[in-house]
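Geometric and topological summary
Okay, here's what each chain looks like letter by letter:
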Amino acid sequence: MEKFLNEDFLLENDYSRELYHDYAEKLPLIDFHCHLDPKEICEDKHWDNIAQAWLGADHYKWRAMRSDGVDERYCTGDAPDREKFQKFAEALPRMLGNPMYHWCHLELKKYFGYEGALNGETAEEVWNLCNEKLKEAGMSV
């Protein structure tokens, strides 16, 4: 069985693999639609933890959590960051079929080197891994 997120994830034929691997793979990502505060981009903000980076301003993640019945305290409220991340991790498996599920895992793999599945049971492992990576030089907005 192939890995969930292998090097050909979503590349369904020879043409897509050739176009991606031979031409697009090494190009920089330019994303004009993102959920980062432009001020934070300008200031090259560094986050203390993955919850701040992922949940701080992403209304799509908040909506998914709300749809899963997560209390607002864990979306935009005053809950500690670790608890917010836990609630998101617990909700994420029920987002399978939503592009956010795949996007989150692609980000975890590409930027943090995590190849597993984020869920309530792996949240602590992912929290620790991501937070260590966020401390490294060059890991910023």
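Look above for the structure.
Now for a quick tour of the structure. (Residues numbered from 1 in each chain as written. Predicted model: local features only at pLDDT ≥ 70, side-chain atom pairs only at ≥ 80, totals over all residues. Heavy atoms only, no water.)

Quick notes on the packing of helix α5 (residues 81–91) against helix α7 (residues 123–134)
Keep this limit in mind: Lines fitted to the C-alpha atoms define the axes, with helices restricted to the stretch that makes contact. Angles between their N-to-C directions range from 0 to 180 degrees. The helix count covers DSSP runs of H or I at least four residues long, the strand count covers runs of E at least two residues long, and both are numbered beginning at the N terminus. Roughly parallel here means an angle under 35 degrees, roughly antiparallel means over 145, roughly perpendicular means 65 to 115, and every remaining angle is called oblique. The handedness criterion is simple: a crossing whose near helix is rotated anticlockwise from the far helix by less than a right angle is left-handed, and one whose near helix is rotated clockwise is right-handed. By the convention used here, residues are in contact when the closest approach between their heavy atoms is within 4.5 Å. Classification convention: Asp, Glu, Lys, Arg as charged; Ala, Val, Leu, Ile, Met, Phe, Trp, Tyr, Cys, Pro as nonpolar; all other residues, Gly among them, as polar.
Contact geometry for α5 and α7: axes closest at 10 Å, N-to-C directions at 125°. The orientation of α5 relative to α7 falls into the category oblique. The two elements α5 and α7 cross, and the hand of that crossing is right-handed. Taken together, the residues of α7 that come into contact with α5 (itself represented by D81, R82, F85, Q86 and A89) are A123, E124, V126 and W127. Grouping the constituent residues of the contact of α5 with α7 by class yields five nonpolar, one polar and three charged.

So, the pattern of salt bridges
Keep this limit in mind: When a carboxyl oxygen of Asp or Glu lies within 4 Å of a side-chain nitrogen of Lys or Arg, that pair is called a salt bridge. Three labels apply to residues, based on accessible area from a 1.4 Å probe with only protein chains included: buried if under 20% of the type maximum, exposed if over 50%, partly exposed otherwise in between.
Tallying each qualifying case throughout the model produces nine salt bridges. For E72, the salt bridge goes to R66, with nearest N and O atoms at 2.7 Å. Under the relative-accessibility criterion, R66 is labelled partly exposed at 37%. A salt bridge links R82 to E124; the shortest N-O distance between them is 2.7 Å. With a gap of 42 residues between them, R82 in helix α5 and E124 in helix α7 connect regions that are remote in the sequence. R82 sits in the partly exposed class, given a relative accessible area of 22%. Given the relative accessible area of 43%, E124 is considered partly exposed. Linked by salt bridges that have partners in common, R73, D78 and E83 make up one network.

Some words on a negative patch on the surface
Put simply, the rule reads: Patch definition: residues with relative accessible area over 30% and no salt bridge; like charges joined within 9 Å; nonpolar side chains (Val, Leu, Ile, Met, Phe, Trp, Tyr) joined within 5 Å. Here the accessible surface of atoms and residues is derived via Shrake-Rupley with a 1.4 Å probe, and residues count as covered only by protein chains that are part of the display. By the counting rule applied here, Lys and Arg register as positive and Asp and Glu as negative, while His and the ends of each chain are not counted. Think of each charge as sitting on NZ of Lys, CZ of Arg, CG of Asp or CD of Glu.
Among the surface-exposed residues, E7, E18, D22 and E25 lie close enough to one another that they form a single negatively charged patch. By secondary structure assignment, the location of E18 is in helix α1 (residues 14–24). The exposure class of E18 is partly exposed, given its relative accessible area of 40%.

Some details on helix α4 (residues 59–67)
For clarity, the threshold we go by: The arc in question is the one spanned by the directions pointing from the helix axis to the C-beta atoms. Two N or O atoms count as a polar contact when they lie within 3.5 Å, although within protein this holds only if one can serve as hydrogen donor and the other as acceptor, and sequence-adjacent residues are included solely when both atoms are side-chain atoms.
Among the residues making up α4, those that are buried are K61, W62, A64 and M65. The arc that holds the buried residues of α4, viewed along the axis, is 160°, so those residues lie on one side. The inward-facing, buried residues of α4 abut α3 (50–55), α5 and α6 (99–112). At the N-terminal end of α4, a side-chain oxygen is found 3.0 Å from the backbone nitrogen of Y60, two or three residues along, and the residue is D58.

Quick word on the environment of L106
Positionally, L106 belongs in helix α6. Spatially, the C-alpha atom of L106 lies 15 Å from that of I50, the residues being 56 residues apart in sequence. Contacts of L106, omitting those with residues within four sequence positions, involve L5 and F9.

Describing the packing of aromatic side chains
What counts, and what does not: Only centres within 6.5 Å qualify two rings of Phe, Tyr or Trp (six-membered ring in Trp) as a pair; their planes then separate them into stacked at under 30 degrees, edge-to-face at over 60, and tilted for everything else. Note on geometry: a ring has a charge over it if NZ (lysine) or CZ (arginine) is within 6 Å of the ring centre and within 35 degrees of the ring normal.
Throughout the structure, instances matching the rule amount to three aromatic pairs. A centroid spacing of 5.9 Å and a plane angle of 80° characterise the contact between W54 and F88, whose relative ring orientation is edge-to-face. With W54 in helix α3 and F88 in helix α5, this residue pair connects regions lying 34 residues apart in the sequence. In this pair, the class of W54 matches that of F88, namely buried. The structure contains a cluster of three or more aromatic residues connected by ring pairs, namely W54, F85, F88 and W127. We note R73 situated over the ring of Y74; from NZ or CZ to the ring centre the distance is 5.5 Å.

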